[in-house]
Amino acid sequence: MSEVLTRADVERIAALARLELTAEEVTLFAAQLTNILGYADQIQQVDTSNVPAASVTTPSETVFRDDQPAGSLPRDLLLGEAPAADPAAGLFKVPRVLGS
Amino acid sequence: MTIPRTASAIRAAVAARDVSAVEVCRDALDRIGRLDGALHAFLHVDDRGALERAARLDRDPPANAPLLGVPVALKDNICTAGVRTTAASRLLEHYVPPYSAGVVERLERAGAVIIGKTNCDEFAMGSSTEHSAFGPTRNPWAHDRIPGGSSGGSAAAVAAGMVPLALGSETGGSIRQPAALCGVLGLKTTYGRVSRYGLIAFGSSLDQIGPFARSADDLATLLGVIAGHDGRDATSANRPVPDYREALSDDLSGVRIGVARALLQDGVEPAVLDAFNASLHELARAGAVITDIALPHASLAIPVYYLVANAEASSNLARFDGVRYGERVEAPTLTETYYRTRARFGAEAKRRIMIGTFVLSAGYYDAYYLKAQKVRALIRRDYDEAFARVDLVAVPTTPTVAFRLGERTEDPLQMYLSDVFTAAANLAGLPAISVPVGLSKERLPVGLQLTARPFDEAALVRAAAALERRLPMPRPDAD
């Protein structure tokens, strides 16, 4: 089932990831991703019937904590990290979201 | 008095006031100043902060401080409050975290002096440190060679003797592989052993922080400082931390070590194989029993790793959108701002986001991501079966010695294959160490990798201590 990725495929994936690629990157990634996914295809040969998928392999229990309010980092400090913010209003600022 | 070079000797000398923490700190800064122009192990040296901190330790030394006055370098994906943390990315070029990672708090309580932030592949994605947005690090043994990666700056800083200790992080081999290529000790801890609070996330089912050192004693001390529970990391294990220094021994009687010979058939350089076989001989002389084992699915670690890790990376790196922190490239609309800002990822980060996005996308999830997670379960099952018969599993850490800068940057798959022996421990969540065991003819280091049962880091420290007494490791000329 080895996938051959076309330039159109690469552009579609890049749009899902909100990545701007140059024309050269699109061409390069089409070849490289085809190559890497082709290599990864060897896992298709493995019989995994009756094998549960592992997400985390170290046994762990669900972690709970008491439902008590606790301290957090100051809002002003965190808003100060933003490229644009209105600290008085407690908001991040972004460019226009809807079309004009 | 000359300034000691090991963490244990520095701690003892500072505690006895034979030297001051400030003198130790100045000595480290001098060495970095002399050597780092050629090596570029550091992205940021915090001269002022480190000297102020050392002066405070001299004025008011804390009790029970196992790293009193010891300079420590941190990989630049570990957050330090008030000190720039870039993950070697243009997207975080000016980022100053508002908080410190859990491991940084622990280092400070232990009396350590954080000297600076080390170079790495962007967002810890790479095996050579060539994917740093700020230029590569060079191997202290041969400046035309890579130090490995992604924690290449930390490995090079320790190998060149700029600092006795450093922290790195692993998602797939990123501590052990550079440790092997730079000739130092590097340990990947059991998933959950060390808090990831404040570690910039890459592959969250895999990421762990771990130590670099030049002696098993120093490694054990640093591991003991950073290990332990942290409620701010939901995957942090709430179980006791042993005294790893009690494991230091040159006797391996009763230790059973398994070797999966079938893994060594392709692509392992003769120099690596020779040093590996010689190290097995020394382990046996120390009392270990060497037996053959099989890990039938371990050869699939790289394809599984690049599907799982990149799926997680594509999700984790979605947060770099130019809104809440980091760089923003201005554009007329929010959507265009996302695209323009994220165009500043380097080529490798983009490649991995693309692979990850693809394998999680509709129609491909089952065939790639889910299938990879099932093979991952089989890899772990192989180890569980092996650990019913042996205590440690041995393979070379890397198939080759350090390669030249530029040699593999055009061929991502070749780059990935330098982690062919390391990625399995990450997928299985197991602790593993790289121990320097020899040099090739061209004087490039070779590492032995040992993997242990979950939370049995002590067994790795013990074997490393036994090996270092039998195979003392020379130092690069920089020392």
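In case you missed it, the structure is sitting above this.
Just so it is clear, the model here is predicted, and its values are computed rather than measured.

Basis of the calculations
Residues numbered from 1 in each chain as written. Chains lettered and ligands numbered in written order. Predicted model: local features only at pLDDT ≥ 70, side-chain atom pairs only at ≥ 80, totals over all residues. Heavy atoms only, no water. Helix = DSSP H or I, 4+ residues; strand = E, 2+ residues; numbered from the N terminus. Buried < 20%, exposed > 50% of the residue type's maximum accessible area, 1.4 Å probe, protein only. Areas by Shrake-Rupley, 256 points an atom, 1.4 Å probe, with all protein chains shown as cover. Lys, Arg positive; Asp, Glu negative; His and termini not counted. Charge placed at Lys NZ, Arg CZ, Asp CG, Glu CD. Arc of directions from axis to C-beta. Contact = heavy atoms within 4.5 Å. Pairing = 2+ DSSP bridges. Axes fitted to C-alpha atoms, helices over the stretch in contact; angles between N-to-C directions.

Peer 1: What am I meant to see in the overall build of chain B here?
Peer 2: Within chain B one finds 15 helices and eleven strands. Dimensions along the principal axes, computed over C-alpha positions, put chain B at roughly 60 × 55 × 45 Å. Within chain B, buried positions represent 67% of all 479 residues. Working note: accessible area of chain B is about 15,100 Å², and carbon and sulfur atoms make up 48% of it. Between the mean site of the 53 positive side-chain charges and the mean site of the 54 negative ones, chain B shows a separation of 2 Å.

Peer 1: Whenever I open this one, helix H1 (residues 7-16) of chain A confuses me. Can you help?
Peer 2: Every α-helix carries 3.6 residues per turn, so stepping three or four residues along brings you back to the same face. Within the sequence span of H1 of chain A, burial applies to Val10, Ile13 and Ala14 of chain A. Along the long axis of H1 of chain A, the arc covered by the buried residues comes to 100°, so they all point the same way. Turned more than 90 degrees off the buried face of H1 of chain A, the exposed positions are Ala8 and Leu16 of chain A. Residues of H1 of chain A that are buried in the fold lie against helix H2 (23-40) of chain A together with helix H10 (334-342) and helix H11 (347-360) of chain B. Looking one or two residues beyond H1 of chain A, the residue adopting positive phi is Arg18 of chain A, at roughly 55°.

Peer 1: How should I be thinking about the sheet that holds strand E11 (residues 445-452) of chain B in this particular structure?
Peer 2: Note: strands within a sheet are paired through backbone hydrogen bonds, in either parallel or antiparallel orientation. All names here are of chain B. The sheet built from eleven strands is open, its strands ordered E1-E3-E2-E4-E6-E5-E10-E11-E9-E7-E8 with mixed pairing. The sheet is open, and its two edges are formed by strand E1 (42-45) and strand E8 (289-292), each paired on a single side. The mean angle between the axes of side-by-side strands here comes to 30°, regardless of whether they run parallel or antiparallel. Taken together, the three bridges between strand E2 (residues 71-75) and strand E4 (residues 165-170) define a ladder with parallel strand orientation. Looking at E4, one finds that Leu74 is bridged to Leu167. Sheet contacts for helix H3 (residues 47-59): E1 and strand E3 (113-118); angle to E3, the most-contacted strand, approximately 160°. Lying on the sheet, helix H15 (residues 457-470) is in contact with strand E5 (185-188), strand E9 (392-396), strand E10 (432-439) and E11; it crosses E10 at an angle near 10°.

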